[in-house]
4 protein chains.
Amino acid sequence: MRQAYVHRLSAAAPDDVTALIEAIERGAITAAGIRAILGKTEGNGCVNDFTRGFAAQSLRLALARASGDPAVAERICMVMSGGTEGALAPHWLVLEARPAAEDSVPDPGGALAIGVARTPELPPEAIGRRAQALAVADAVRAAIAEAAITAPAAVHYVQVKCPLLTAGRVEAAAARGASVATTDTLKSMALSRGASALGVALALGEIPKEQVSDAAIGARLDLFSGCASCSAGVELMYNEVMALGTSQEWTGPLRIDHAVMADPIDVAPVRELLTRLGVREPGAAQRLQIRALLAKVEAPHSGRIRGFRHTMLDDSDISATRHARAAVGGALASVVGHGEIFVSGGAEHQGADGGGPVAVIVDAA
Amino acid sequence: MRQAYVHRLSAAAPDDVTALIEAIERGAITAAGIRAILGKTEGNGCVNDFTRGFAAQSLRLALARASGDPAVAERICMVMSGGTEGALAPHWLVLEARPAAEDSVPDPGGALAIGVARTPELPPEAIGRRAQALAVADAVRAAIAEAAITAPAAVHYVQVKCPLLTAGRVEAAAARGASVATTDTLKSMALSRGASALGVALALGEIPKEQVSDAAIGARLDLFSGCASCSAGVELMYNEVMALGTSQEWTGPLRIDHAVMADPIDVAPVRELLTRLGVREPGAAQRLQIRALLAKVEAPHSGRIRGFRHTMLDDSDISATRHARAAVGGALASVVGHGEIFVSGGAEHQGADGGGPVAVIVDAA
Amino acid sequence: MRQAYVHRLSAAAPDDVTALIEAIERGAITAAGIRAILGKTEGNGCVNDFTRGFAAQSLRLALARASGDPAVAERICMVMSGGTEGALAPHWLVLEARPAAEDSVPDPGGALAIGVARTPELPPEAIGRRAQALAVADAVRAAIAEAAITAPAAVHYVQVKCPLLTAGRVEAAAARGASVATTDTLKSMALSRGASALGVALALGEIPKEQVSDAAIGARLDLFSGCASCSAGVELMYNEVMALGTSQEWTGPLRIDHAVMADPIDVAPVRELLTRLGVREPGAAQRLQIRALLAKVEAPHSGRIRGFRHTMLDDSDISATRHARAAVGGALASVVGHGEIFVSGGAEHQGADGGGPVAVIVDAA
Amino acid sequence: MRQAYVHRLSAAAPDDVTALIEAIERGAITAAGIRAILGKTEGNGCVNDFTRGFAAQSLRLALARASGDPAVAERICMVMSGGTEGALAPHWLVLEARPAAEDSVPDPGGALAIGVARTPELPPEAIGRRAQALAVADAVRAAIAEAAITAPAAVHYVQVKCPLLTAGRVEAAAARGASVATTDTLKSMALSRGASALGVALALGEIPKEQVSDAAIGARLDLFSGCASCSAGVELMYNEVMALGTSQEWTGPLRIDHAVMADPIDVAPVRELLTRLGVREPGAAQRLQIRALLAKVEAPHSGRIRGFRHTMLDDSDISATRHARAAVGGALASVVGHGEIFVSGGAEHQGADGGGPVAVIVDAA
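First, a word on scope: everything that follows refers to the structure included in this document.

Conventions we followed
- Residues numbered from 1 in each chain as written.
- Chains lettered and ligands numbered in written order.
- Predicted model: local features only at pLDDT ≥ 70, side-chain atom pairs only at ≥ 80, totals over all residues.
- Heavy atoms only, no water.
- Helix = DSSP H or I, 4+ residues; strand = E, 2+ residues; numbered from the N terminus.
- Rg over C-alpha atoms; globule rule 2.2 N^0.38 Å.
- Buried < 20%, exposed > 50% of the residue type's maximum accessible area, 1.4 Å probe, protein only.
- Contact = heavy atoms within 4.5 Å.
- Axes fitted to C-alpha atoms, helices over the stretch in contact; angles between N-to-C directions.
- Parallel < 35°, antiparallel > 145°, perpendicular 65-115°, else oblique.
- Left-handed = near helix turned anticlockwise from the far one by under 90°.
- Nonpolar A, V, L, I, M, F, W, Y, C, P; charged D, E, K, R; others polar.
- Least-squares fit on C-alpha atoms with pLDDT ≥ 70 in both.
- Buried area = accessible area lost by both parts, 1.4 Å probe.
- Salt bridge = Lys/Arg side-chain N within 4 Å of Asp/Glu carboxyl O.
- Polar contact = N/O pair within 3.5 Å; in protein donor to acceptor, adjacent residues only side chain to side chain.
- Pairing = 2+ DSSP bridges.
- Core = buried A, V, L, I, M, F, W, Y, C linked by side-chain atoms within 4.5 Å.
- Disulfide = S-S within 2.5 Å.
- Expected span 1.5 Å × (residues − 1).

Counting its secondary structure elements, chain A contains eight helices and 15 strands. Relative to its length of 365 residues, chain A is compact, with a C-alpha radius of gyration of 19 Å against a globular reference of 21 Å. Taking the principal axes of the C-alpha coordinates as reference, chain A spans close to 60 × 50 × 40 Å. Of all 365 residues assigned to chain A, the portion counted as buried reaches 65%. The long-range share in chain A, meaning contacts at least 24 apart out of those at least 6 apart in sequence, stands at 82%.

Two measures define how a pair of helices packs: the angle their axes make with one another and the distance between the axes. Residue and element names in this part refer to chain D. One way to put it is that helix H1 (residues 18–25) packs onto helix H2 (residues 51–67) with a least axis distance of 10 Å and a crossing angle of 20 degrees. When the axes of H1 and H2 are compared, the pair comes out roughly parallel. Once H1 is placed against H2, the crossing between them reads as right-handed. Contact residues: H1 offers Leu20, Ile21 and Ile24, while H2 offers Leu59, Ala62, Leu63, Arg65 and Ala66. In the contact of H1 with H2, the residues fall into seven nonpolar, no polar and one charged.

With an RMSD of 0.0 Å, the fit of chain D onto chain C corresponds to turning through 180 degrees and sliding 0.0 Å along the axis. On this basis, the relationship between the two copies can be described by a two-fold rotation axis. Of the C-alpha atoms belonging to chain D, the one lying closest to the rotation axis is found on Ala331(D), 1.9 Å away. An overlap of 100% is found between the interface residues of chain D and their copies at the interface of chain C, pointing to a shared contact surface.

Moving on: the interface of chain D and chain C. Chain D puts 38 residues into the contact, and the matching count from chain C is 38 residues. Roughly 2,900 Å² is buried in total at the junction of chain D and chain C, and carbon and sulfur atoms are behind 57% of that figure. Per-residue buried area on chain D facing chain C is highest for Ile265(D), Phe308(D) and Arg309(D); these three make up 23% of the total on that side. Seen at the junction of chain D and chain C, the total is four salt bridges. Between Arg322(C) and Asp315(D) there is a salt bridge whose closest N-O contact spans 3.0 Å. Put simply, chain D and chain C have 14 residue pairs in polar contact (both at pLDDT 80 or more) between them. At the level of secondary structure, the elements contributing two or more residues to the side of chain D that touches chain C comprise strand S1 (2–10), strand S13 (308–309) and helix H8 (320–336) of chain D. A per-class count over the side of chain D that touches chain C returns 17 nonpolar, ten polar and eleven charged.

Quick look at the interface of chain B and chain A now. Listed as interface residues are 38 residues of chain B and, on the opposing side, 38 residues of chain A. Taken over both partners, the interface formed by chain B and chain A buries close to 2,900 Å², and the fraction arising from carbon and sulfur atoms is 57%. Together, Ile265(B), Phe308(B) and Arg309(B) form the three largest contributors to the area buried by chain B at its contact with chain A, with a combined 22%. Across the chain B-chain A interface, the total number found is four salt bridges.

All names here are of chain A. Strand order in the open sheet formed by four strands is S10-S15-S11-S14, and the pairing between neighbours is mixed. With one partner strand each, in any of the chains shown, strand S10 (254–261) and strand S14 (342–345) form the two edges of the open sheet. On average, each strand axis in the sheet is tilted by 10 degrees relative to the strand beside it, whichever way the strands run. Bridging between strand S11 (residues 290–297) and strand S15 (residues 356–363) involves five bridges; their strand directions are antiparallel. Bridge pairing in S15 links alanine 295 to valine 358. Packing of helix H6 (residues 268–276) onto the sheet brings it into contact with S10, S11 and S15, and relative to S10 it is tilted by some 160 degrees.

Counting 64 residues, the largest nonpolar core has Leu293(A), Leu332(A), Val360(A), Leu293(B), Leu332(B) and Val360(B) as its most contacted members. Filtering out sequence-adjacent residues up to four positions away, Val360(B) remains in contact with Arg255(B), Ile256(B), Asp257(B), Leu273(B), Leu274(B), Leu277(B), Ile290(B), Ala292(B) and Leu293(B). With 63 residues, the next largest nonpolar core counts Val358(C), Leu293(D), Ala295(D) and Ala327(D) among its residues.

What follows is about helix H6 (residues 268–276) of chain B. Of the positions making up H6(B), those classed as buried are Pro269(B), Val270(B), Arg271(B), Leu273(B) and Leu274(B). The secondary structure elements touched by the buried residues of H6(B) are H6 of chain A together with strand S10 (254–261), strand S11 (290–297), helix H8 (320–336) and strand S15 (356–363) of chain B. Phi turns positive one or two residues past the end of H6(B), at Gly278(B), with a value near 90 degrees.

With that settled, consider the relation of the copies chain B and chain A. Note on the chain copies: they are related by a rotation about an axis and a translation along it. Of the two same-sequence chains, chain B is brought onto chain A (RMSD 0.0 Å, axial shift 0.0 Å) by a rotation of 180 degrees. In this assembly, 100% of the residues forming the interface of chain B have copies in chain A that are likewise at the interface, indicating an isologous arrangement.

Next up on the list: the state of the cysteines. As used here, a disulfide is simply a covalent bond connecting the sulfur atoms of two cysteines. One pass over the structure, following the stated rule, counts zero disulfides over all chains. Not engaged in a disulfide, the cysteine Cys227(B) finds its nearest cysteine sulfur in Cys230(B); these two sulfurs lie 11 Å apart. Residue Cys77(D) stays outside any disulfide, its sulfur separated by 11 Å from that of Cys162(D), the closest cysteine. The exposure class assigned to Cys77(D) is buried, which follows from its relative accessible area of 1%.

Further remarks concern the pairing of strand S15 (residues 356–363) of chain D. Look at any regular strand and the pattern is simple: side chains alternate between the two faces of the sheet. Residue and element names in this part refer to chain D. Within S15, eight of the eight residues are buried, which leaves it mostly tucked inside the rest of the structure. Side chains Gly356, Val358, Val360 and Val362 project from S15 onto one buried face, and the interleaved Pro357, Ala359, Ile361 and Asp363 project onto a second face that is buried too. The pairing of strand S10 (residues 254–261) with S15 spans eight bridges and is classified as antiparallel. The residue of S15 that forms the bridge with alanine 259 is valine 358.

To continue, consider helix H3 (residues 130–146) of chain A. Every α-helical turn comprises 3.6 residues, leaving residues that sit three or four positions apart pointing alike. Residue and element names in this part refer to chain A. In this model H3 runs 24 Å from its N-terminal to its C-terminal C-alpha over 17 residues, within 8% of the 24 Å that 1.5 Å per residue would give. Residues of H3 that are buried include every one of Gln132, Ala133, Ala135, Val136, Ala137, Ala139, Val140, Ala143 and Ile144, and no others. On its buried face, H3 sits against strand S5 (111–118), strand S6 (155–162), helix H5 (185–203) and strand S8 (240–247). Just past H3, the residue alanine 148 takes up positive phi, approximately 60 degrees.

Take the pattern of salt bridges next. Under the criterion given, the structure shown has 88 salt bridges over all chains. Residue Glu340(A) pairs with Arg8(A) through a salt bridge whose shortest N-O separation is 2.9 Å. Of this pair, Glu340(A) sits in the loop between helix H8 (320–336) and S14 while Arg8(A) sits in strand S1 (residues 2–10), and the two are 332 residues apart along the sequence. The exposure class assigned to Arg8(A) is partly exposed, which follows from its relative accessible area of 24%. Measuring nitrogen to oxygen at the nearest pair gives 2.8 Å for the salt bridge that ties Arg26(C) to Glu22(C). On the accessibility criterion, Arg26(C) (56% relative accessible area) is exposed. Ionic contacts of the salt-bridge type, sharing partners, join the residues Glu85(A), Arg322(A), Arg325(A), Asp315(B) and Asp317(C) into one network.

What follows is the structure in structure tokens.
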């Protein structure tokens with residue numbers, strides 16, 4: 001038996017790792033048990049957002065210092081998501097797995113389970129294409145198995161960190177006579193996220209394999225996963241996958257479930273999700289009970305929300321992802337009662353166009 | 001007996017006045033009956049937001065063309081508020097008053113009432129000071145009287161359009177030996193809004209007269225009105241006031257009430273307000289029933305929302321008012337089910353710091 | 001014989017037309033003689049820049065009022081270019097043509113000549129394609145003829161106002177079974193400007209006709225005109241062309257010449273251009289002598305300027321066109337000694353990648 | 001005898017320290033000799049610019065790794081300036097001092113000299129006030145002495161890194177019954193820079209001591225230093241000073257001189273400065289000869305440049321410092337022929353309002 005822990009730590013800046021160091025030093029967090037750190041940092045979440053790299057560098061330094069083991073950070077899946085617009089608050093989510101206490105009693109309904117896996121390194125020409133989706137699907141299955149989750153329906157959140165194309169990688173492919181999905185490096189981020197999300201959908205049986213073609217990626221917005229959250233980073237050429245779900249092989253008080261918003265103001269499914277998880281109309285006690293909310297958001301490409309025009313896609317001063325995070329972040333913060341929620345932008349094939357998946361982890365104790 | 005009408009018209013651009021022209025031409029709106037037009041336009045809502053002026057110019061042209069009367073626009077209180085961040089949708093709110101039908105039966109609970117008044121022209125040295133607050137208080141009382149609203153508690157929304165200082169006005173005062181509240185023209189907008197809001201609070205008995213001093217304006221954030229919505233404009237040197245409330249001298253199906261949000265994610269009072277007004281959990285029919293939502297929003301100066309840090313005041317790329325409109329707009333749109341709501345930024349003395357007043361008009365028929 | 005006049009008028013706001021009205025009223029400008037008004041307005045110059053529309057509406061109102069002729073504006077080519085970043089100053093350039101005085105003596109070197117023409121309305125499927133380039137080339141030839149300019153080498157500046165695709169236009173083409181160059185409306189602006197610039201290059205013999213293919217537009221950055229300045233607008237489906245050059249059929253003290261900058265800091269050709277035009281190191285008198293500077297600018301797509309990395313294309317907070325206007329505007333203002341220069345962004349096929357054409361009009365008297 | 005070295009290294013990102021590590025490893029730079037590192041990083045240069053902290057942390061890691069001495073970074077004056085708008089290129093300037101070769105022949109005209117000093121820690125109530133200016137003046141004199149510069153006229157650039165107020169520091173002062181210059185932490189940065197610049201002006205004899213009062217700081221824009229460049233940072237409570245000038249106690253080919261721009265487009269003094277330093281009209285060879293250009297820039301508070309309106313101060317989408325760096329950076333890059341120049345914003349009392357000091361270091365060999 002294993003037990004999962006979710007620690008939510010406030011951050012006063014992208015390099016504020018004092019809470020993490022303090023928690024490790026007093027034994028509240030075991031550095032060796034950390035499987036993943038998700039961070040919301042206060043950059044723009046777009047191309048020139050260096051708060052993500054600054055945060056990751058600071059976390060690696062802190063983990064080495066607090067644990068005395070310089071290699072501990074290498075084993076941790078780090079996902080830094082820029083953008084704390086509006087009511088959103090910068091914070092870290094530290095996900096830890098420990099062996100359960102010997103006298104743990106399994107709950108027949110299961111508890112929060114964490115599994116991690118990765119694909120082999122991919123050649124540049126696979127990025128943003130069917131080959132990447134198939135590789136991610138295999139890694140998702142491996143992460144689910146590692147988490148001892150026995151059914152796709154028990155998976156509620158799959159985080160994928162995926163590679164992107166750079167000028168150098170495009171050239172390397174061309175030198176071998178291979179062509180890439182796009183030579184636009186910014187667009188390669190969207191295609192890589194999209195292919196990864198379709199890989200999640202494949203592994204969870206949300207879409208049939210034959211619908212995942214090169215042409216569908218980035219184009220067939222009707223194909224999506226209700227559990228995927230994907231982000232692209234320049235530092236890796238493989239895909240790193242973390243699956244969260246429910247397993248009877250895990251114990252402890254944490255429970256997870258998910259919902260899918262149909263558009264940026266569609267909070268009714270999230271209210272119902274909280275009810276399913278036993279959270280009543282949130283007050284102070286209920287806010288403590290909610291350990292994490294993880295959401296993917298996006299401005300609807302139709303230019304409309306329930307028939308009314310939005311201006312997010314036409315604003316040349318503020319990028320649409322910043323608008324979307326601010327609006328959905330405000331709506332979701334008003335539901336859970338605070339802004340330390342992981343609202344991330346860029347939701348290609350992650351929920352329907354303009355909507356997105358929302359997972360919630362609560363402490364049922 | 002009079003009857004108030006509220007027409008909400010979508011705008012495809014700041015100069016899209018087609019819906020207004022069409023409504024006047026088919027008789028749905030009587031140009032001579034229009035008391036006020038409130039517009040949400042898609043600029044940044046800050047200093048260099050020219051969508052407000054463009055909208056006002058376009059509305060004046062449209063009113064002259066559709067009504068055949070070039071002077072009709074002069075009698076209308078026009079309040080253009082820039083900024084449709086996130087889920088917010090550009091639109092016009094046309095408030096009209098007509099003589100009631102001869103056979104109208106008064107509702108003992110009263111109906112939506114509209115009253116308009118203005119102060120005399122103020123000298124530059126009065127702007128942002130106690131003198132302005134006292135003048136606005138008189139105008140608010142006049143507008144309430146004109147609306148035949150008999151008790152301060154029956155007032156639910158007071159819109160004030162107020163003057164600001166320009167370099168020329170500062171010089172004119174100096175030439176007479178008079179000093180102004182500030183020589184910073186941007187800051188004069190905040191002080192003028194603040195003095196106006198305290199004037200509303202005075203007229204409604206929300207604060208005692210002796211607390212309104214020059215020093216309190218812009219500083220004593222604990223003094224505020226729960227009904228005031230103020231915006232500064234360069235085109236006038238007087239204050240224009242529109243009061244909305246409930247009066248038994250008015251008839252028809254429209255009802256108004258208000259609530260005060262304590263912070264940007266405090267939607268519970270708005271949900272209760274909708275319940276008081278007879279709106280159940282909003283579906284399509286309920287969305288039609290809600291004719292207008294009018295809110296003032298602001299980023300909390302404490303830098304925190306319910307103890308968690310927000311980054312709105314530290315973002316040098318996006319002004320805090322844009323953040324606040326996006327976040328609160330998302331939260332309120334998720335409550336009423338659409339984005340055609342009048343969410344306006346810059347809430348000095350308009351609700352508590354970080355919170356703000358919210359008025360709702362529904363069709364009770 | 002005709003005589004050209006160039007009036008440069010400062011603007012205090014996008015709707016500040018007082019200088020134009022005043023100049024018409026005191027006879028300094030003859031409304032009926034105005035051929036074109038070029039305006040630099042203080043918006044962002046991108047998709048949601050409404051200062052351009054506000055300026056155009058204000059100019060039309062002013063022309064009708066000052067001239068008493070509501071139709072006068074219809075005959076004038078209006079080009080509003082948004083973006084006065086850095087040292088740039090908002091202003092209007094009014095280009096006027098009048099019959100020369102009876103006793104005018106022609107200068108053997110010729111004088112500034114203005115010619116205007118337009119293409120027929122184009123179907124949506126022609127926009128951004130070779131068909132548009134060919135149509136524009138015909139219109140450029142017509143404008144040159146109208147200006148009585150006898151050689152392509154005597155043309156120094158060609159302004160093209162061109163159409164763009166909208167969702168409605170794309171649908172209209174699809175309904176007829178026609179496909180368009182792109183369904184991305186923002187991209188259609190770039191393709192339309194690019195096709196127009198290649199049309200100018202064709203008419204001036206800068207490139208051979210066979211090189212202008214659908215595939216070359218927006219892709220073959222080595223093909224360009226050194227005289228073209230193109231801007232796309234939603235309000236027309238034809239292309240409007242204004243050619244400026246030198247003709248012996250025109251008289252008066254105004255002279256024009258042009259240069260091509262190779263990159264954003266390449267001011268040496270502009271210094272040489274000023275020398276050719278007889279302007280010494282600019283002082284106050286010389287600044288008066290320079291009537292207009294018209295430039296097209298762009299961030300180099302290589303990501304480098306003379307080998308050094310620039311960050312304009314990676315900045316998700318400020319669009320690259322704003323960066324480019326600010327930088328090149330600063331460099332050119334430092335050459336001519338003031339900021340009332342017409343620096344416009346988006347230079348597809350208008351000068352080499354990252355560089356751009358610069359035309360200067362001086363008063364040689 | 002000592003010899004100064006200036007190494008200019010391109011940076012591909014705020015954490016790109018590869019060129020520094022490589023230069024130390026191959027012996028081109030001696031880590032122990034580094035006196036200062038000035039960095040231009042690609043953030044917004046305003047409150048939430050974390051590229052500065054990211055760069056400093058990355059440099060400290062790199063210096064420790066490459067030198068094997070974790071403490072080496074502590075002895076180095078690090079000044080990170082955010083903002084590479086327009087043509088500006090991210091880069092590092094590494095200033096090194098070594099003992100001169102035994103057979104060095106002194107140049108009677110002297111060579112580039114570097115001196116560093118610091119003030120004692122200041123209490124919060126001294127920041128932005130006369131006390132800070134006096135302390136900085138002492139430190140400037142110490143740095144000049146350390147550099148063996150014998151006359152104020154031989155000083156050409158003084159970099160000051162100065163403290164700022166935080167909420168905690170304000171509270172600490174209040175707890176002792178002391179009041180601070182401002183409780184607005186952003187404004188404290190400007191006041192601290194201003195007091196520091198006046199300290200430089202005092203030490204160099206540019207202004208008399210009696211003119212430096214608390215009230216003059218931030219207000220008397222006519223008082224300024226033509227050599228000061230000041231930046232505020234949260235990490236220190238003392239002032240760190242680096243003086244660059246000419247001394248006969250130093251040898252080698254590097255020479256320094258400075259000029260003062262009167263406004264953002266006033267490049268004539270910089271052209272004359274280059275001529276004085278022996279640089280002809282810049283070509284590729286001349287660009288290599290120019291080792292560093294260091295400038296302070298600002299938008300004129302008058303709202304005008306040579307009588308023409310600028311819009312930098314009214315743009316609520318882009319901060320005025322970004323506009324000013326882009327414009328002046330473009331103008332100066334067009335003079336020196338490339339964008340690796342240290343153009344920094346926020347020039348309170350550093351040059352006249354809207355203008356700023358410019359220092360140039362050339363290799364005279």
